[in-house]
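Structural features, examined
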Amino acid sequence: MYGFFRCSGCNKNWESSHVYCLRGTMEATYGQECKSCRVMCKPYRVEHLVCSQCGEVTCVCPFKERHVDPNISHRRDLCEKCRSGHPCA
């Protein structure tokens, strides 16, 4: 899942492809910490990952980089799921 975040502490915005929802819902299970002010936030909007090549949610094309910038690494220190002992990446 892909999430859009807004920090309630400093109003900073960010996006992440590391969002995990309760099965069958669009409700995020884990949050991410704002790197500016360290407030834990859950996404205000969640959507399915969309293939950047074919534009489909259920992609079958050989390109697997979906809605993700490979140049941005996953910040495990800010990820509630990773810090809980269940790493996402």
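As a starting point, this report considers the structure included with it.

Here is what the cut-offs are and how they apply
- Residues numbered from 1 in each chain as written.
- Predicted model: local features only at pLDDT ≥ 70, side-chain atom pairs only at ≥ 80, totals over all residues.
- Heavy atoms only, no water.
- 1 Å grid on protein atoms, 1.4 Å probe; cavity = no way out; pocket = protein on both sides within 12 Å on 5 of 7 lines; lining within 4 Å.
- Points joined across faces, edges and corners; volume = space filled by probe spheres on them.
- Nonpolar A, V, L, I, M, F, W, Y, C, P; charged D, E, K, R; others polar.
- Pairing = 2+ DSSP bridges.
- Helix = DSSP H or I, 4+ residues; strand = E, 2+ residues; numbered from the N terminus.
- Axes fitted to C-alpha atoms, helices over the stretch in contact; angles between N-to-C directions.
- Disulfide = S-S within 2.5 Å.
- Buried < 20%, exposed > 50% of the residue type's maximum accessible area, 1.4 Å probe, protein only.

This paragraph deals with empty space enclosed by the protein. This model, assessed by the stated rule, comprises one cavity of 30 Å³ or more. Of the voids in this model, the largest cavity is the one considered here, and its volume is about 40 Å³. When its residues are assigned to classes, the lining of the largest cavity shows four nonpolar, three polar and one charged.

What the three strands build is an open sheet, ordered β2-β1-β5; its pairing is antiparallel. Each end of this open sheet is capped by a strand with a single partner; those strands are β2 (13-16) and β5 (45-47). For this sheet, the mean angle separating the axes of adjacent strands, direction not counted, is 15 degrees. As defined by bridge partners, strand β1 (residues 2-6) adjoins β5 across three bridges and the pair is classed as antiparallel. The residue of β5 that forms the bridge with glycine 3 is valine 46.

Let's shift gears to the state of the cysteines. All chains considered together, the criterion is met by zero disulfides. With no disulfide of its own, cysteine 41 lies closest to cysteine 7 among cysteine sulfurs, the gap being 4.1 Å. The exposure class of cysteine 41 is buried, given its relative accessible area of 4%. No disulfide involves cysteine 82; its sulfur sits 3.6 Å from the nearest other cysteine sulfur, which is in cysteine 88. Overall, cysteine 82 belongs to the buried group, its relative accessible area being 12%.

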